[in-house]
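Observations on chain architecture
Single-letter residue listing:
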Amino acid sequence: MAEQAQATDSGPRPIVPFLKLGSNPHLEGQKCSTCGAIFLDPKRVACSKCGSTGTLKPIALSNKGKVYVFSVVHQSFPGIKTPYITVIVDLPEGVSVRSNLIDVNHEELQKDPKKGFDMPVELVTSVVAKDREGHEVVAFQYRPSK
Ligand SMILES: [Zn+2]
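The rules we used
Residues numbered from 1 in each chain as written. Predicted model: local features only at pLDDT ≥ 70, side-chain atom pairs only at ≥ 80, totals over all residues. Helix = DSSP H or I, 4+ residues; strand = E, 2+ residues; numbered from the N terminus. Buried ≥ 20, exposed ≤ 12 C-beta atoms within 10 Å, placed from the backbone. Pairing = 2+ DSSP bridges. Core = buried A, V, L, I, M, F, W, Y, C linked by C-beta atoms within 7 Å. Contact = placed C-beta atoms within 7 Å.

On to the overall build of the protein chain. Each helix and strand in the protein chain was counted, giving one helix and 10 strands. Element order for the protein chain, N to C, with α for helix and β for strand: β-β-β-β-β-β-β-β-α-β-β. By principal-axis analysis of the C-alpha atoms, the protein chain measures approximately 45 × 40 × 30 Å. Going through the 146 residues of the protein chain one by one, you find that 19% of them count as buried.

What follows is the structure in structure tokens.
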């Protein structure tokens, strides 16, 4: 019997390499074992804080964070539904991540922007497209945490 769903060739694909799918979707950062700095950029080869190389190890980042700044987008590319809310979310690890905020009324947020700043949010994933081979493409967003 299969114990856990494994990502296979026919499975969904994350839209960015640092989004890890599976039973507990999360973002994966890299932590420097020399100075403890954490980065989201998966292609980093050296720690930009202390300059060490080969010290960056994968680390699962928290799925909860706080809105640092947000912006309501009214115009976008053709085919992209507007308005939507973009956010930069601060994670407890000290990493910031850019994403979209869902389940929030943008008009209420514009009327009372104070509600947006420091709003506790949690990561959610959703299928946003299919790639050329028919794999589902999964993106992540944030929503107010319960
Ligand atoms: Zn370092």
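This part takes up the pairing of strand β8 (residues 96-101). Alignment of strand β7 (residues 84-90) against β8, held across six bridges, turns out to be antiparallel. Within β8, the residue paired with valine 87 across the bridge is serine 99. The hairpin turn running from β7 into β8, its antiparallel successor, is five residues long, and glycine 94 in that turn takes a positive phi close to 90 degrees.

As a further point, take the environment of glutamine 110. Relative to the helices and strands, glutamine 110 is located in helix α1 (residues 106-111). Between the alpha carbons of glutamine 110 and alanine 60 there is a distance of 33 Å; along the sequence they are 50 residues apart.

Below, the discussion takes up the pairing of β7. Burial along β7 is one-sided: Ile85, Val87 and Val89 are buried, while Tyr84, Thr86, Ile88 and Asp90, pointing the other way, are not. The pairing of strand β6 (residues 64-73) with β7 spans seven bridges and is classified as antiparallel. Bridging across to β7, valine 67 finds its partner in valine 89.

Let's shift gears to the nonpolar core. Burial of nonpolar side chains together is a common tendency in soluble globular proteins. Judged by nonpolar contacts, the single largest core of 18 residues is most densely connected at Val67, Val87, Val89, Leu101, Val121 and Tyr142. For this core, the elements supplying multiple residues, two or more each, are β6, β7, β8, β9 (120-130) and β10 (136-144). The element contributing the most residues to this core is β7, with three residues. Beyond its immediate stretch of four places on either side in the chain, valine 67 contacts Val87, Val89, Leu101, Gly116, Phe117, Asp118, Met119 and Val121. Ranked by size, the runner-up nonpolar core spans five residues in total, among them Ala37, Phe39, Cys47 and Leu56.

Turning next to unusual backbone geometry. With an omega of -5 degrees, the peptide bond running from threonine 82 to proline 83 counts as cis. Residue placement: proline 83 occurs in the loop between β6 and β7. Despite not being glycine, aspartate 103 shows a phi value in the positive range, around 65 degrees. By secondary structure assignment, the location of aspartate 103 is in the loop between β8 and α1. Phi angles above zero are rare outside glycine, and aspartate 118 is one such case at about 70 degrees. Residue placement: aspartate 118 occurs in the loop between α1 and β9. A count of 11 C-beta atoms within 10 Å places aspartate 118 in the exposed class.

Turning next to the environment of lysine 57. Turning to its location among the elements, lysine 57 is positioned in strand β5 (residues 56-60). Residues lysine 57 and glycine 29, 28 residues apart in the sequence, show an inter-C-alpha distance of 8.2 Å. Apart from the residues lying within four places of it in its own chain, the contact partners of lysine 57 are Gln30, Lys31 and Ser33.

Moving on: the environment of cysteine 32. Examined against the element boundaries, cysteine 32 turns out to sit in strand β3 (residues 26-32). Measuring from C-alpha to C-alpha, the distance between cysteine 32 and serine 96 comes to 17 Å, with 64 residues separating the pair along the chain.

As far as function goes, none of this settles anything; it's purely spatial.
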